[in-house]
Amino acid sequence: MKRRLRPVAASGLNAYFYCITLIKLIFMEETENTFSPPEIHREELTVTTEIKRYLYTAGSWAIFLSITGFIACGFLVIVGLFMGSVMSANMKMAGIPSFLFTLIYLVMALVYFFPALYLLRFGNRMRSSIQDQSQEDLTRSLANLKSFFKYSGILIIVVIAVYLLAMIAAVLVAMGR
């Protein structure tokens, strides 16, 4: 039995079940065949010289973006290591443990590490697939691109859910005063 994702009203409980169903469809893609792609034509896909040039350029930009992502991760780790000691003097009065800031920055660096890794793998394999005319490298590069988009999509869903929970908490706190 195929499950179809229908749009629902954006009311609280319906939106919750809609998000849960969407997350299940995303995670179950690898284990269950719940999604049937559109029928693929049996014709061979021709990769022209122009398409190869575009793919090679996309691979080069992916490498650039991944390097900037790794640099950003490094900055987050450095800032996280020093943030605990810097904030310890200021937060003793507030009762917030200083290691919490370090932990937050290290988790953020870990979260941003994987998209940069997927982009680097995509870029390197895409460029080598074009240079060596390797179908296997092309397939692996596109698999890494898929992983990048899948990870980014899940991350966006999580961030939106956290924002919604924060807004609900803020409204509840404001109503309690």
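No experiment lies behind these values; they were computed from the predicted model shown.

## Focus: a nonpolar patch on the surface
Right, on to step 1. Together, Ile 67, Ile 71, Phe 75, Val 77, Ile 78, Leu 81, Phe 82, Val 86 and Leu 106 make up an exposed nonpolar region whose accessible area comes to about 830 Å².
Right, on to step 2. Residue contributions to the nonpolar patch peak at eight residues, all from helix H2 (residues 49-91).
Right, on to step 3. Structurally, the position occupied by Leu 106 is in helix H3 (residues 99-132).

## Section: the confidence of the model for the chain
Right, on to step 1. With 72% of its residues at a pLDDT of 70 or more, the chain shows a mean pLDDT of 83.
Right, on to step 2. No element of the chain has a lower mean pLDDT than helix H1 (residues 12-27), which averages 60, and none a higher one than helix H4 (residues 135-176), which averages 95.
Right, on to step 3. Throughout residues 5-11 the model reports pLDDT below 50, and contacts reaching past four residues in sequence, or to other chains, amount to eleven contacts.

## Remarks on the packing of aromatic side chains
The description of an aromatic ring pair rests on the distance of the ring centres and on the angle between the ring planes.
Right, on to step 1. Using the criterion set out here, one finds six aromatic pairs in the structure.
Right, on to step 2. Ring geometry for Phe 70 versus Phe 113: centroids 5.5 Å apart, planes at 50 degrees, classification tilted. Linking Phe 70 in helix H2 with Phe 113 in helix H3, this pair joins segments that are 43 residues apart in sequence.
Right, on to step 3. Under the relative-accessibility criterion, Phe 113 is labelled partly exposed at 30%.
Right, on to step 4. Between Phe 148 and Phe 149 the ring centres are 5.3 Å apart and the planes differ by 65 degrees, which places this aromatic pair in the edge-to-face class.
Right, on to step 5. Accessibility expressed as a relative area gives 17% for Phe 148, which makes it buried.
Right, on to step 6. Accessibility expressed as a relative area gives 52% for Phe 149, which makes it exposed.
Right, on to step 7. Three or more aromatic residues link up through ring pairs in this structure, and these residues are Phe 70, Phe 113, Phe 114, Tyr 118 and Tyr 151.

## Considerations on the nonpolar core
Right, on to step 1. Residues Ala 62, Tyr 118, Leu 119, Phe 122, Met 126, Ile 130, Leu 138 and Phe 148 constitute the largest nonpolar core, which totals eight residues.
Right, on to step 2. If you list the elements that add at least two residues to this core, you get H3 and H4.
Right, on to step 3. The leading source of residues in this core is H3, at five residues.
Right, on to step 4. Residues in contact with Leu 138, not counting those within four places in the same chain, are Leu 55, Met 126 and Ser 129.

## Details of unusual backbone geometry
Right, on to step 1. With a phi close to 55 degrees, Gln 133 is a non-glycine residue in the positive phi region.
Right, on to step 2. With respect to the helices and strands, Gln 133 occurs in the loop between H3 and H4.

## Side note on the side chain of Thr 102
Right, on to step 1. Structurally, the position occupied by Thr 102 is in helix H3.
Right, on to step 2. The class for Thr 102 is buried, based on a relative accessible area of 16%.
Right, on to step 3. Among all residues touching Thr 102, those that are not within four sequence positions of it are Gly 80, Leu 81, Met 83 and Gly 84.

## Overview of the packing of H3 against H4
Right, on to step 1. The interhelical angle for the contact between H3 and H4, taken along N-to-C directions, is 160 degrees, at an axis separation of 8 Å. Relative to H4, the element H3 is oriented roughly antiparallel. As H3 packs across H4, the resulting crossing turns out to be left-handed. Along the contact surface, H3 presents Leu 110, Val 111, Phe 114, Pro 115, Tyr 118, Leu 119, Arg 121, Phe 122, Arg 125, Met 126, Ser 128 and Ser 129, while H4 presents Asp 137, Leu 138, Arg 140, Ser 141, Leu 142, Asn 144, Leu 145, Ser 147, Phe 148, Tyr 151 and Leu 155.
Right, on to step 2. When its residues are assigned to classes, the contact of H3 with H4 shows 14 nonpolar, five polar and four charged.

Conventions we followed
Residues numbered from 1 in each chain as written. Predicted model: local features only at pLDDT ≥ 70, side-chain atom pairs only at ≥ 80, totals over all residues. Heavy atoms only, no water. Patch = residues over 30% accessible without salt bridge, like charges linked within 9 Å, V, L, I, M, F, W, Y side chains within 5 Å. Areas by Shrake-Rupley, 256 points an atom, 1.4 Å probe, with all protein chains shown as cover. Salt bridge = Lys/Arg side-chain N within 4 Å of Asp/Glu carboxyl O. Helix = DSSP H or I, 4+ residues; strand = E, 2+ residues; numbered from the N terminus. pLDDT = per-residue confidence, 0-100. Contact = heavy atoms within 4.5 Å. Phe/Tyr/Trp six-rings, centres within 6.5 Å; stacked < 30°, edge-to-face > 60°. Buried < 20%, exposed > 50% of the residue type's maximum accessible area, 1.4 Å probe, protein only. Core = buried A, V, L, I, M, F, W, Y, C linked by side-chain atoms within 4.5 Å. Axes fitted to C-alpha atoms, helices over the stretch in contact; angles between N-to-C directions. Parallel < 35°, antiparallel > 145°, perpendicular 65-115°, else oblique. Left-handed = near helix turned anticlockwise from the far one by under 90°. Nonpolar A, V, L, I, M, F, W, Y, C, P; charged D, E, K, R; others polar.

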